[in-house]
Amino acid sequence: MAMLWKHVRSSSSTLKRHVIGTHLLSRSFTTTEGHRPSIVHKRSLDILHDPWFNKGTAFSMTERDRLDLRGLLPPNVMSTELQIERFMVDLKRLEVQARDGPSDPNALAKWRILNRLHDRNETMYYKVLIARIEEYAPVVYTPTVGLVCQNYSGLFRRPRGMYFSAEDRGEMMSMVYNWPAEQVDMIVVTDGSRILGLGDLGVQGIGIAIGKLDLYVAAAGINPQRVLPVMIDVGTNNEALLKDPLYLGLQQHRLDGDDYLAVIDEFMEAVFTRWPNVIVQFEDFQSKWAFKLLQRYRNTYRMFNDDVQGTAGVAIAGLLGAVRAQGRPMIDFPKQKIVVAGAGSAGIGVLNAARKTMARMLGNNEVAFESAKSQFWVVDAKGLITQGREDIDPDALPFARKLKEMDRQGLREGASLVEVVKQVKPDVLLGLSAVGGLFSKEVLEALKDSTSTRPAIFAMSNPTKNAECTPEEAFSILGDNIIFASGSPFSNVDLGNGHIGHCNQGNNMYLFPGIGLGTLLSGSRIISDGMLQAAAERLAAYMSEEEVVKGIIFPSISRIRDITKEVAAAVIKEAVEEDLAEGYHGMDAREMRKLSESEIAEYVKNHMWSPEYPTLVYKQD
Ligand SMILES: NC(=O)c1ccc[n+]([C@@H]2O[C@H](COP(=O)([O-])OP(=O)(O)OC[C@H]3O[C@@H](n4cnc5c(N)ncnc54)[C@H](O)[C@@H]3O)[C@@H](O)[C@H]2O)c1
Ligand SMILES: O=C(O)C[C@H](O)C(=O)O
Ligand SMILES: [Mg+2]
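Going by an unreviewed UniProt entry, the protein carries the name Malic enzyme and comes from Canavalia gladiata. The Sequence similarities (unreviewed entry) field of the UniProt record for the protein holds the comment "Belongs to the malic enzymes family." Here the protein is described in UniProt, under the heading Catalytic activity (unreviewed entry), as follows: "(S)-malate + NAD(+) = pyruvate + CO2 + NADH".

Shown next as structure tokens:
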């Protein structure tokens, strides 16, 4: 393959040509130069029952003849557009019937219809998802995915992904070969211990891994044949699930300590043995393990933790956007006073990244790093975190405020959020607490005294009911001169005076697909802090001055494929600069170093899978 690439380049062809050479085996890789046929080793009903190859009513008559399908489908050969239209009738009927607007059972019903399509025709599923991402991301991803996980035992029909359980100890190295795909690019793994803000959902957490990978396909163009959702079932501490005879997971309490680590270690060794180039995204692990596992694996394996690192990057981009929205240069970021509610994996991830970003802007030295921490006040379930706290969590310790200093500010250990907001008068109030309504009327009223010209509220907890406040609450109390972002999608607010209160979705979905894609295409052996920082900076720079002034600090999800391409390009550039990029398929590290910025963007674009039906050619196994 490397030879082919060299040949293609030396004949002064474009990067687009390269893509064709490197993806001879992929199912339906679209290029500007047409489609390569896919080889199938099955015929007849077996094809209709295989979601990777099924085209349903879109099979042409010649293909029906070639693949022994004639007579097995109704005679009208449909265009893909008509096929989607027919499918949409079913989905839209739900909306007509729901008289009281979108309701939870309605969202679940939509998820079921989409999931069934996913089960029978993947190409069409991703066509629908990509074309209407704004409408269906909230169904296959946050917030509905939370409801799906809560109800998974009842919803489970056909398996998707792999389950490694505590019972599989000693077997993982061989069972990993049960997965049918020869190549896997992306794994999203969870142990189900902290699913969104819904707590321990045990084995039912697999839904979150599936939802995240849907975005990898839709936003990053990762080939759906090469993604693998994984659930590591080490038990659950959710007593209701343990009592439920219909629960699908191990009916035991969670493993802990070395027993727990041994399971995760064995899983990592197994997947990296079979697929040495895979990237593993850790998702929704309780904070207790999230940091430890990240430190344990990040220098050895291609992995990252989305809740810690993806969220941090998205928050940084949002915080920089909020500074710009105040009409100030980004370099003023270190002057912002930031109150963070929540000191779990997400909150601490954001705090560490924000502190580092400030320190870099202040001169990137030890003194800057030390002084930056004085911009943060952290409140958790026990109130303001100070050095007076007993049994302080070591990850939160760097942000614990000095008691004397707090005394001067009229604050103390364990002070409530409203007291902290009243005394600090912050520029930013950021919630990653998983407590719905935490930014109460009182807290928002207190924020009226903010010293900022345009205070920012980030109610980032998921799903919807866990948001610290709604945009209506924020805009109605604080007026329209604020910046608002939430983790789950909300509608913009009509402020009634011809003004619109813009609701941004501050969700790690704007970064994780690009981090994964950029890592894959650079061939970087690890995911460095620099690569993550580059991803965040590219997201921040994506928004125009005009947009941020209007309070729009994150792009619309309809642009997610374009943002992801940009983020991936930034990740590749950084990996090359840090000398981490080892190349991908025909593009070796040396060639990669020669690419200009626009060539990197083109390279990314041309490696993004798009759902198109390939011509199918039958060959005996
Ligand atoms: N928007 C996003 O992209 C994004 C990304 C990651 C996580 N999240 C959300 O963030 C939330 C937290 O995730 P996590 O992994 O950090 O969870 P976690 O359970 O580890 O942490 C929750 C933290 O909130 C604190 N808390 C609880 N009650 C509080 C209260 N009354 N006041 C202040 N703090 C309180 C806890 O003490 C803890 O420090 C979840 O809802 C998750 O869905 C959102
Ligand atoms: O899954 C999401 O929507 C964001 C985040 O990863 C979370 O855990 O809430
Ligand atoms: Mg998560």
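1. Details of the overall build of the protein
Looking only at helices and strands, the protein features 28 helices and 18 strands. Expected size for 621 residues packed as a compact globule is a radius of gyration near 25 Å; at 25 Å, the protein falls within 12% of this value. Principal axes of the C-alpha set define a box for the protein whose edges measure 80 × 60 × 60 Å. By the burial criterion, 60% of the 621 residues in the protein qualify as buried. Expressed as a percentage of contacts within the protein between residues at least 6 apart in sequence, the contacts between residues at least 24 apart total 71%. Put simply, the protein shows about 25,000 Å² of open surface, and 51% of that area lies on carbon and sulfur atoms. The protein carries 70 positive and 77 negative side-chain charges, and their two centres are separated by 4 Å.

2. Focus on the site of ligand 2
Near ligand 2, the surroundings consist of Tyr141, Thr142, Arg194, Leu196, Lys212, Glu283, Asp284, Asp306, Asp307, Asn462, Asn507 and Asn508. Take threonine 142: an N or O atom from its side chain is 2.3 Å from an oxygen atom of ligand 2. Separating an oxygen atom of ligand 2 from a side-chain N or O atom of aspartate 307 is a distance of 3.0 Å. When isolated, ligand 2 has an accessible area of 260 Å², and the protein chains bury 93% of it. Classifying every residue of the shell around ligand 2 gives 2 nonpolar, 4 polar and 6 charged.

3. Remarks on the environment of isoleucine 527
Residue position: isoleucine 527 is located in the loop between helix H23 (512–522) and helix H24 (529–542). Taking relative accessible area as the criterion, isoleucine 527 reaches 1% and is therefore assigned buried. For the pair isoleucine 527 and isoleucine 563, spaced 36 residues apart in sequence, the C-alpha separation works out to 19 Å.

4. Considering the UniProt feature "active site" (unreviewed entry) in the protein
UniProt feature "active site" (unreviewed entry): in the numbering of this structure it lies at Tyr141 and Lys212. Spanning 72 residues, the named residues form one tight spatial group whose C-alpha atoms are at most 6.9 Å apart. Tracing the backbone shows tyrosine 141 in the loop between helix H8 (133–140) and helix H9 (144–150). If near-sequence neighbours (up to four positions away) are discounted, tyrosine 141 is found in contact with Gly211, Lys212, Leu215, Asn507, Asn508, Met509 and Phe512. Mapping lysine 212 onto the fold places it in helix H12 (residues 206–220).

5. What to know about the coordination of the magnesium ion (ligand 3)
All of the protein donors around the magnesium ion (ligand 3) are Glu283 (OE), Asp284 (OD) and Asp307 (OD); their distances to the metal are 2.0 to 2.1 Å. Sequence spacing of the donors to the magnesium ion (ligand 3): E-D-x22-D.

6. Quick notes on the packing of helix H16 (residues 306–325) against helix H17 (residues 345–361)
Interhelical geometry of H16 versus H17 gives an angle of 50 degrees and a closest axis separation of 8 Å. One element, H16, and the other, H17, form an angle in the oblique class. Classified by chirality, the crossing of H17 by H16 is right-handed. For the pair H16 and H17, contact is made by Asp307, Val308, Thr311, Ala312, Ala315, Ile316, Leu319 and Leu320 and by Ser345, Ala346, Gly349, Val350, Ala353, Ala354, Thr357 and Met361, respectively. Partitioned by chemical class, the residues of the contact of H16 with H17 number 11 nonpolar, 4 polar and 1 charged.

7. Quick look at the side chain of arginine 254
Tracing the backbone through its elements, the reader meets arginine 254 in the loop between helix H13 (239–243) and helix H14 (257–274). Residue classification places arginine 254 among the buried residues on the basis of a relative accessible area of 11%. Polar side-chain contacts of arginine 254 include one of 2.9 Å to the backbone oxygen of aspartate 191. There is a polar contact of 3.4 Å between the side chain of arginine 254 and the backbone oxygen of glycine 192.

8. Some details on the sheet that holds strand E15 (residues 503–505)
Taken in spatial order, the 7 strands make up an open sheet running E9-E8-E7-E10-E11-E12-E15, and their pairing is mixed. Two strands bound the open sheet, and with one partner strand each, they are strand E9 (383–384) and E15. Here strand E10 (residues 428–431) pairs with strand E11 (residues 456–459) via 4 bridges, running parallel. Its bridge partner being in E11, leucine 430 is matched across the sheet by phenylalanine 458. Its contacts with the sheet place helix H22 (residues 471–478) against E11, strand E12 (483–486) and E15, and it is angled at close to 165 degrees to E12.

9. Regarding the packing of aromatic side chains
Counted according to the given criterion, the structure contains 14 aromatic pairs. Seen in terms of ring centroids, tyrosine 126 and tryptophan 609 are 6.1 Å apart; in terms of plane orientation they differ by 90 degrees. Their pairing is edge-to-face. Note that tyrosine 126 is positioned in helix H7 (residues 122–131) and tryptophan 609 in the loop between helix H28 (597–606) and strand E18 (616–618), a separation of 483 residues in sequence. For the pair tyrosine 126 and tryptophan 609, a shared accessibility class is recorded, and that class is buried. Ring geometry for phenylalanine 282 versus phenylalanine 285: centroids 5.0 Å apart, planes at 35 degrees, classification tilted. Of the two residues, phenylalanine 282 and phenylalanine 285, both sit in the buried class. These aromatic residues form a ring-pair network of at least three members: Phe272, Phe282, Phe285, Tyr297 and Tyr301.

Calculation criteria
- Residues numbered from 1 in each chain as written.
- Chains lettered and ligands numbered in written order.
- Predicted model: local features only at pLDDT ≥ 70, side-chain atom pairs only at ≥ 80, totals over all residues.
- Heavy atoms only, no water.
- UniProt positions renumbered as here; feature names shortened; annotations may be inferred.
- Helix = DSSP H or I, 4+ residues; strand = E, 2+ residues; numbered from the N terminus.
- Rg over C-alpha atoms; globule rule 2.2 N^0.38 Å.
- Buried < 20%, exposed > 50% of the residue type's maximum accessible area, 1.4 Å probe, protein only.
- Contact = heavy atoms within 4.5 Å.
- Areas by Shrake-Rupley, 256 points an atom, 1.4 Å probe, with all protein chains shown as cover.
- Lys, Arg positive; Asp, Glu negative; His and termini not counted.
- Charge placed at Lys NZ, Arg CZ, Asp CG, Glu CD.
- Near = heavy atom within 4 Å.
- Polar contact = N/O pair within 3.5 Å; in protein donor to acceptor, adjacent residues only side chain to side chain.
- Nonpolar A, V, L, I, M, F, W, Y, C, P; charged D, E, K, R; others polar.
- Donors = N, O, S within 2.8 Å, 3.2 Å for Na, K, Ca; no water.
- Axes fitted to C-alpha atoms, helices over the stretch in contact; angles between N-to-C directions.
- Parallel < 35°, antiparallel > 145°, perpendicular 65-115°, else oblique.
- Left-handed = near helix turned anticlockwise from the far one by under 90°.
- Pairing = 2+ DSSP bridges.
- Phe/Tyr/Trp six-rings, centres within 6.5 Å; stacked < 30°, edge-to-face > 60°.

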